[in-house]
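Structural features, examined
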Amino acid sequence: MSSDVLEKRYRMLLRAYPAGYRRERADELIDTLIGDEPTTRRWPSVRQAASLIRGALRVHGGSTAARPTAVLLWQGIHLGAMAVLALGVLIGLDDLVEAFQFGGLSDPATVLRNQGVHEVMVIAALVALVAGRTRTAAVLAVAAAVVPTVISPYLFLNGLPQWWAPVVATPLILVGLRRAADVPPTPRANAVLVTAGILALHLVPAGGFRRVDMGSQVVAAAMVIAAAAAFLWVATADQRLLIAVAPTLLLGTLYQLGNDLSTGELLHRPDALPSLVVAVLMAGGAVVSTRLRQRTRA
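Remember, it's a predicted structure, so these values are computed and weren't measured experimentally. (Residues numbered from 1 in each chain as written. Predicted model: local features only at pLDDT ≥ 70, side-chain atom pairs only at ≥ 80, totals over all residues. Heavy atoms only, no water.)

1. A few points about helix α9 (residues 188-203)
Quick note on the threshold: Elements are defined by DSSP. Helices are runs of H or I of four residues or more, strands are runs of E of two residues or more, and each kind is numbered from the N terminus. Here the expected span of a helix is defined as 1.5 Å times the quantity of residues minus one. Between buried and exposed lies partly exposed: a residue is buried under 20% and exposed over 50% of the maximum accessible area for its type, with that area taken using a 1.4 Å probe on protein chains only.
Taking 1.5 Å of rise per residue, 16 residues should cover 22 Å, and α9 covers 23 Å from first to last C-alpha, within 8% of that figure. Among the residues of α9, Asn190, Ala191, Val194, Thr195, Ile198, Leu199 and His202 are the ones counted as buried.

2. A short note on the nonpolar core
Where a protein is soluble and globular, its nonpolar side chains tend to be buried together. Put simply, the test is: We call a set of buried residues a nonpolar core when its members are Ala, Val, Leu, Ile, Met, Phe, Trp, Tyr or Cys and they connect through side-chain atoms within 4.5 Å of each other. Contact definition: two residues touch when any of their heavy atoms are within 4.5 Å.
Among the nonpolar cores identified, the biggest contains 47 residues, and Leu85, Leu129, Ile173 and Ile198 are the most heavily contacted of them. Looking at this core element by element, the count peaks at twelve residues for helix α4 (residues 68-102). Leave out the neighbours within four places in its chain, and isoleucine 173 touches Ala81, Leu85, Leu129, Thr134, Ala137, Ala138 and Ala141. Counting 13 residues, the second-largest nonpolar core is a separate cluster that includes Leu6, Ile30, Ala56 and Val59.

3. Examining the pattern of salt bridges
Note on pairing: side chains with opposite charge can pair once their charged atoms come close. Defined as follows: A pairing counts as a salt bridge when a side-chain nitrogen of Lys or Arg comes within 4 Å of a carboxyl oxygen of Asp or Glu.
Scanning all chains against the criterion turns up five salt bridges. When the shortest N-O distance is used, the salt bridge between glutamate 7 and arginine 11 registers 3.1 Å. Here the residue glutamate 7 and the residue arginine 11 both occupy positions in helix α1 (residues 2-14), the gap between them amounting to four residues, near one helical turn. The class of glutamate 7 is partly exposed, set by a relative accessible area of 28%. Taking relative accessible area as the criterion, arginine 11 reaches 32% and is therefore assigned partly exposed. One salt bridge connects arginine 240 with aspartate 238, and the closest N-O pair in it is separated by 2.7 Å. Note on arginine 240: relative accessible area 0%, which makes it buried. One connected set of salt bridges, linked through shared partners, spans Glu7, Arg11 and Asp27.

Here's what the structure looks like:
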């Protein structure tokens, strides 16, 4: 009876793998994990659970594909475009809420003209990309940079990161149109999950603790370290994240190039440029390591 319970719990962990992979390999994996010897265990070990989850992440990242490097690059670029647009939406919403809260609602029409039109168009581009309408998303991304700027140059003149979002996303979307036929598109649910993870990374405060007491600084620093470690644990398995996170960090860097460090924008951090450099290096390392594994396997 205990072996039946253990097998059921292993199969719950295996649901992290893509459905096609489970159909082909689930029974083989269960046989390997449980073995032929009787067991009284009712739960997988922590080590086995972590290994299964990392294995699922690697499969989602294309490690079992015929051309894993191509999957890594093309899907990583697609995820990067989604993450950039989603981050632009998040920053724009944050700015709109702040404008209405602290602007006294003196002229809501001006706020909507300056930021609302841009926000709606970036959301439309993101929805089209999530829906798999890549060409439509490319057109909407270009329009999201051009049309609101013609209506009101506020975001452009201030070089705000939400204005840069469609500018950075557009070439990524256009590159994605050239995806090879033998490279599968990113599954929609997986793409949304990865994008949510990247957004969560940006919500972790990387600075701004200087004005709080030492105890709070220690707790905050521990949270930042834990979040970064969790992200790296996932990203070193599903290395598409290392490709996808780089363009999101570019938004903060572009903003810093044209502004001082006096405001509190979501992406306006002193670590944006070093983080971008590290992300680009890690993305390059992911491509090189994947190519080396592919040659070894061949």
